[in-house]
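Coordinate analysis (summary)
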Amino acid sequence: FFAAVAAACGRLGRRALFLTGYPEQVPAGLPETMITRRYAPLSAVLPRAAALVHHGGIGTMAQGFAAGVPHLIMPMSFDQPDNALRATRLGVARWLSPPRFTPDRVTTALRTLLEDAGVARAAGETRERTRSVDGLGVVCDEVERMAG
């Protein structure tokens, strides 16, 4: 995963921030334009990001929607394949299965996400829809309704 993303970012002349609790999985010898951290608040990082590459967890996806950035997703299991499909249908994402997550395919997918005006428009619309909903209020109202 990290090696393919690092290769693609290098080919595209893009910086990268790798967030992982498993830094040993990130390739050694990255250029200075690519750094690894165990943690950074996505709410602070993503508004400055050009794209988000992840496995498709709903929390990460929600942060990406709120920031209005395109997603490249490599779903692994559980809800991730469904999340990837839904984000793709919204026009804000592309996804690659693990066997297809190669440097060449990641480069092509990222280039498309970064250059397609339709993706940028869809990401902006998703950001605005996300910001316009009081999610906590909706959940509280639903719980109250269910309680009777």
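My aim in this report is to walk through the structure given alongside it, one point at a time.

Definitions and limits used
- Position numbers for residues count from 1 along each chain, tracking the sequence in the order it is written.
- Local features in this predicted model are restricted to residues of pLDDT 70 or higher, and side-chain atom pairs are both shown and tallied only at a pLDDT of 80 or more, whereas totals for entire chains, interfaces and linings draw on every residue.
- In computing side-chain values, all of the structure's heavy atoms are included and hydrogens and water are not.
- Note on geometry: axes are C-alpha line fits, over the in-contact stretch for helices, and angles between N-to-C directions span 0 to 180 degrees.
- Secondary structure elements follow DSSP: runs of H or I no shorter than four residues count as helices, runs of E no shorter than two count as strands, and numbering proceeds from the N terminus.
- In this scheme, roughly parallel covers angles under 35 degrees and roughly antiparallel covers those over 145, while 65 to 115 is roughly perpendicular and the rest are oblique.
- Left-handed describes a crossing whose near helix is turned anticlockwise from the far helix through less than a right angle; right-handed describes the clockwise counterpart.
- It only takes one pair of heavy atoms within 4.5 Å for two residues to be counted as in contact.
- When residue character is reported, Ala, Val, Leu, Ile, Met, Phe, Trp, Tyr, Cys and Pro are called nonpolar, Asp, Glu, Lys and Arg charged, and the others, Gly included, polar.
- Salt bridges are identified by distance alone: a Lys or Arg side-chain nitrogen within 4 Å of an Asp or Glu carboxyl oxygen.
- Burial here depends on accessible area, computed with a 1.4 Å probe over protein chains only, as a share of the maximum for the residue type. Under 20% is buried, over 50% is exposed, and the range in between is partly exposed.

For the pair helix 3 (residues 58-67) and helix 4 (residues 80-89), interaxial distance at closest approach is 10 Å and the crossing angle is 20°. Compared by their axis directions, helix 3 and helix 4 come out roughly parallel. For the crossing formed where helix 3 meets helix 4, the hand is right-handed. Two secondary-structure elements touch here, helix 3 through Ile 58, Met 61 and Phe 65 and helix 4 through Asn 83, Ala 84 and Ala 87. When its residues are assigned to classes, the contact of helix 3 with helix 4 shows 5 nonpolar, 1 polar and no charged.

Let's shift gears to the pattern of salt bridges. Enumeration according to the criterion identifies 4 salt bridges in this entry. With a shortest N-O distance of 2.8 Å, Asp 82 and Arg 86 are connected by a salt bridge. Residue Asp 82 and its partner Arg 86 are both found in helix 4; the two are separated by 4 residues, about one turn of the helix. Owing to a relative accessible area of 37%, Asp 82 belongs among the partly exposed residues under this scheme. Close ionic contact of Arg 145 with Glu 142 constitutes a salt bridge, the shortest N to O distance being 2.4 Å.

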